[in-house]
Amino acid sequence: MRTVLISGGGIAGPVLAHRLRHHGFEPTVVERAPGPRAGGQAVDIRGVALDVVERMGLLDRASRVRTRMRGMSVLAPDGTEVHRSTESTFSSGRLDGADIELLREDLVRMVHERTRTDIEYLFGDSITGLEEEASGVHVRFAHAAPRTFDLVVGADGLHSTVRRLAFGPEERFSHHLGSYLSVFAADNFLALDDWQMWLRDGDMGFGIMPVRDNTELRIAFGFESAPLAPELRTGDALRRLVVDRLQTLEWEGARLADAARKAPDFYCDAMAQIRMDQWSRGRVALLGDAGYCPSPLSGQGTSLALVGAHVLADCLAQASGDHHRAYARYEERMRPFVTLNQALATENPGGPASEESVTRAKNAISLDG
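Residues numbered from 1 in each chain as written. Predicted model: local features only at pLDDT ≥ 70, side-chain atom pairs only at ≥ 80, totals over all residues. Heavy atoms only, no water.

**Q** How should empty space enclosed by the protein be read in this particular structure?
**A** To find leftover empty space, one rolls a probe the size of a water molecule over the atoms. Overall, the coordinates contain one cavity of 30 Å³ or more when judged by the stated rule. Empty space within the largest cavity amounts to approximately 40 Å³. The wall of the largest cavity is formed by V15, H18, R19, V52, R55, M56 and H310. Only α1 (12–22) and α2 (49–55) provide two or more residues apiece to the lining of the largest cavity. A per-element tally of the lining of the largest cavity places α1 first, with three residues. The class makeup of the residues in the lining of the largest cavity is three nonpolar, two polar and two charged. (1 Å grid on protein atoms, 1.4 Å probe; cavity = no way out; pocket = protein on both sides within 12 Å on 5 of 7 lines; lining within 4 Å. Points joined across faces, edges and corners; volume = space filled by probe spheres on them. Helix = DSSP H or I, 4+ residues; strand = E, 2+ residues; numbered from the N terminus. Nonpolar A, V, L, I, M, F, W, Y, C, P; charged D, E, K, R; others polar.)

In structure tokens form, the structure reads like this:
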């Protein structure tokens, strides 16, 4: 039981591959994108997840590229400041804490650079079929020739192909949280200097932070909505919907709408959680958002991915070739941690979870358990 195919080249997949290689496995990572994905919001590495990054030898590098916010302003719909803080921000929590906030693309890049020399990557490809046999899983790809692996792990996100192929339709496991989130980049037309802006206007709101030495903005725009009809969930339709909603904002709506219209990295998706009774079936297991997405509302998706990857690899290494035992132990260790962190997304609708809840959730597991 040495060959492992991992679907997903973002964060969870490469971290799992790195740890599996450490234990003597032969991992292969398949990723639909042609290379490491750019774009995305700032993400947090919190609590025990910091230990994972440190064990990979990346903690110092992550610390060097972390965001350096001085604070934030909260605005009324007309742009009037109603609150400010130099102690914490909604995106990262306390500014004097040990947790690290950095751009997702920076973390993706450094994890890939850490693993690219000794991990096989299949970029620009995807899994189209899984057939479990007595001795392994026969995998069909969109482009590469079919291959058989001892194990397959789906680390391919909220809309996981591996989950669909091995467990069934996404609708069985996805729980809509009542809103959508769009993330995109723009020039720093607000001249923000290491300072965040947050605004809520009715059922819409946004957070804006400057990045790349204040030359660029990352804009996260959210709006309340029931699940959209399938024809409205395409990339073009979602962009039009976001642009239209942004244009109705009283403060800076026109410029924000124009930025969303032009952004090459535009992203929009439902805020949803994946809740499953079991994260494995036969030789196939799920990792990170594919198995237990907490949604960006929790602020803990990246930490769950990092910790889950480390725990799964160690469970496989300790199971003496018995993947059933390894997967059972993985779930036993991870499920309480996942439950606490998913609860952060629903603790305080419309706002961040309490500092006490975040502290408890982010430390609720040991890597050496």
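**Q** What should I look at first to understand the pattern of salt bridges in this one?
**A** Opposite charge on two side chains allows them to pair when their charged atoms are near. According to the stated counting rule, one finds 22 salt bridges in the structure shown. Taking the shortest distance from any N to any O, the salt bridge between E131 and R140 comes out at 2.6 Å. When salt bridges that share partners are traced, they join E105, D106, R109, R212, E216 and R218 into one network. (Salt bridge = Lys/Arg side-chain N within 4 Å of Asp/Glu carboxyl O.)

**Q** Is there a simple way to explain the nonpolar core in this structure?
**A** General note: in soluble globular proteins, nonpolar side chains tend to be found buried as a group. Counting 75 residues, the largest nonpolar core has I6, L16, I45, L287, V307, Y330 and M334 as its most contacted members. Ranked by the residues each element gives to this core, the list is headed by helix α9 (residues 301–318), at ten residues. In this structure, L287 is in contact with A12, L16, V153, G154, A155, Y292, A305, G308, A309 and Y330, ignoring residues within four places of it in sequence. (Core = buried A, V, L, I, M, F, W, Y, C linked by side-chain atoms within 4.5 Å. Buried < 20%, exposed > 50% of the residue type's maximum accessible area, 1.4 Å probe, protein only. Contact = heavy atoms within 4.5 Å.)

**Q** Hey, could you run me through the layout of surface pockets in this one?
**A** By volume, the second largest pocket is sized at about 230 Å³. Residues that form the lining of the second largest pocket fall into these classes: five nonpolar, two polar and six charged.

**Q** So what exactly am I meant to see when it comes to the sheet that holds strand β2 (residues 26–31) here?
**A** Either a parallel or an antiparallel arrangement is found when strands of a sheet pair, and the pairing is made through backbone hydrogen bonds. Taken in spatial order, the six strands make up an open sheet running β9-β2-β1-β13-β20-β19, and their pairing is mixed. Of all the strands in the sheet, the pair left with one neighbour each is β9 (120–123) and β19 (280–281). Bridging between strand β1 (residues 3–7) and strand β13 (residues 151–154) involves four bridges; their strand directions are parallel. In the sheet register, S7 faces β13, and the bridge partner there is G154. (Pairing = 2+ DSSP bridges.)

**Q** How should I be thinking about the pairing of strand β8 (residues 100–103) in this particular structure?
**A** The side chains of a regular strand alternate, residue by residue, between the two faces of the sheet. Burial of the side chains of β8 extends over both faces: I100 and L102 are buried on one face and E101 and L103 on the other. With four bridges joining them, strand β3 (residues 42–45) and β8 adopt antiparallel strand pairing. If you follow I45 over to β8, its bridge partner there is I100.

**Q** Can you help me understand the packing of aromatic side chains in this one?
**A** Describing an aromatic ring pair means giving the distance of the ring centres and the angle of the ring planes. In this structure the tally under the stated criterion is eight aromatic pairs. Seen in terms of ring centroids, Y180 and F223 are 5.6 Å apart; in terms of plane orientation they differ by 10°. Their pairing is stacked. Of this pair, Y180 sits in strand β14 (residues 174–187) while F223 sits in strand β17 (residues 216–224), placing them 43 residues apart in sequence. Given a relative accessible area of 1%, F223 falls into the buried group. Ring pairs connect the aromatic residues Y180, F221 and F223, which therefore count as one cluster. The lysine or arginine in question, R335, covers the ring of W279, its NZ or CZ lying 4.2 Å from the ring centre. (Phe/Tyr/Trp six-rings, centres within 6.5 Å; stacked < 30°, edge-to-face > 60°. Lys NZ or Arg CZ within 6 Å of the ring centre and 35° of its normal.)

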